[in-house]
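Breakdown of the fold
What follows is each chain in one-letter form.
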Amino acid sequence: MTTVLDSIVHGVREDLAARKATVSLAEIQDRVGAVSPAINAAQRFAENAFNVIAEVKRASPSKGHLAEIANPAELAAQYEIGGAAAISVLTEARRFNGSLADFDAVRAAVKTPLLRKDFMVDEYQFWEARAHGADMILLIVASLSDAQLSEYFSLATTLGMTSLIEVHDENELARALAINPKIVGVNARNLKTLDVDLATCHRLIPLIPSSIVGIAESGITSTREVQELANSGAHGVLVGEALVTGGTPAQTVQEWTLLGAAQRESRSA
């Protein structure tokens, strides 16, 4: 049976083929040489008391249209003012209405580490991400074989980018830990059904070694949830919908960063 994830990846590959036909891998690789080195996001995340990855997200497969975001650079600037540890920019076009143009607009506007949020399934995308100034990329364990996961993690590292390794269950977490990652994200959203259950984060995050930054992803909408996730050991959260629809992005990012840090501190006291 074809899952939602399968369908998304199929579309990603089709769109990627079109970009490859326009700009060759060799051309993309040449462009990387002219880009400033990537920020070491993994080191920053490890040093921060709590990390909020704030997302520029127009739409999602589960909710459809979320927000217009006429000016992604302006939204990203609000995230930066709020103290976001990183800013995630969706570049997948069909289901998330994202683009590399959005990424470029944000890159020109902020100095905060940027995560290219997409379904990374080909070497070309990693060079492409770095050519556009990405500091971080996403590796979704569910969409990759062990060989691909290891190969792409190594390529991203070679290019200076930090990988956010995304998992959804215990098996995927074991596969992720096998490559010695710096950051692991636990997605509460099942990418095969799109159902969300934060219990997934509460179950898996305590299994992540303390030397690795554990990030809770998806379905996070309230201060209480941020505090509870920090209490379960989360070293940060990745949030999109709540920020693009909430009306106070800078204030919310700042509040959740401080509350998450306070909860982690009280937990370890």
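Residues numbered from 1 in each chain as written. Predicted model: local features only at pLDDT ≥ 70, side-chain atom pairs only at ≥ 80, totals over all residues. Heavy atoms only, no water.

Some remarks on the overall build of the chain
Counting its secondary structure elements, the chain contains 12 helices and 10 strands. Relative to the 2.2 N^0.38 estimate, which gives 18 Å for 269 residues, the radius of gyration of the chain is 17 Å and therefore close to what a compact globule would have. Viewed in the frame of its principal axes, the chain has a C-alpha envelope of about 55 × 40 × 35 Å. Across the 269 residues that make up the chain, the buried fraction comes to 55%. Excluding contacts between residues fewer than 6 apart, the proportion of contacts in the chain whose partners are at least 24 apart in sequence is 69%. On the chain, roughly 11300 Å² of surface is accessible, and the fraction owed to carbon and sulfur atoms is 49%. Taking the average location of the 23 positive side-chain charges in the chain and that of its 32 negative ones, the two points are 1 Å from each other. (Helix = DSSP H or I, 4+ residues; strand = E, 2+ residues; numbered from the N terminus. Rg over C-alpha atoms; globule rule 2.2 N^0.38 Å. Buried < 20%, exposed > 50% of the residue type's maximum accessible area, 1.4 Å probe, protein only. Contact = heavy atoms within 4.5 Å. Areas by Shrake-Rupley, 256 points an atom, 1.4 Å probe, with all protein chains shown as cover. Lys, Arg positive; Asp, Glu negative; His and termini not counted. Charge placed at Lys NZ, Arg CZ, Asp CG, Glu CD.)

Some thoughts on the nonpolar core
Residues Y79, I87, F126, L139 and I220 are the most contacted members of the largest nonpolar core, which totals 66 residues. Setting aside residues no more than four positions away along its own chain, L139 makes contact with M120, F126, L144, L149, Y152, F153, S163, L164, I165 and E166. (Core = buried A, V, L, I, M, F, W, Y, C linked by side-chain atoms within 4.5 Å.)

Quick notes on the environment of L159
One can find L159 in the loop between α7 (146-158) and β7 (162-167). The class for L159 is buried, based on a relative accessible area of 13%. Each C-alpha atom, one on L159 and one on E128, is 11 Å from the other, the two residues being 31 residues apart in sequence. Residues in contact with L159, not counting those within four places in the same chain, are F126, W127 and R130.

Side note on the packing of helix α1 (residues 4-22) against helix α6 (residues 123-131)
Running from N to C, α1 and α6 cross one another at 65 degrees; their axes reach a closest spacing of 11 Å. Here α1 is positioned roughly perpendicular relative to α6, judged by the angle of their axes. The chirality of how α1 crosses α6 is left-handed. Across from V12, L16, R19 and K20 in α1, the residues of α6 making contact are Y124, Q125 and E128. For the contact of α1 with α6, a count of residues per class yields 3 nonpolar, 1 polar and 3 charged. (Axes fitted to C-alpha atoms, helices over the stretch in contact; angles between N-to-C directions. Parallel < 35°, antiparallel > 145°, perpendicular 65-115°, else oblique. Left-handed = near helix turned anticlockwise from the far one by under 90°. Nonpolar A, V, L, I, M, F, W, Y, C, P; charged D, E, K, R; others polar.)

A closer look at the environment of A262
On the secondary structure map, A262 appears in helix α12 (residues 249-268). Each C-alpha atom of the pair A262 and L138 lies 27 Å from the other, and the pair is 124 residues apart in sequence.

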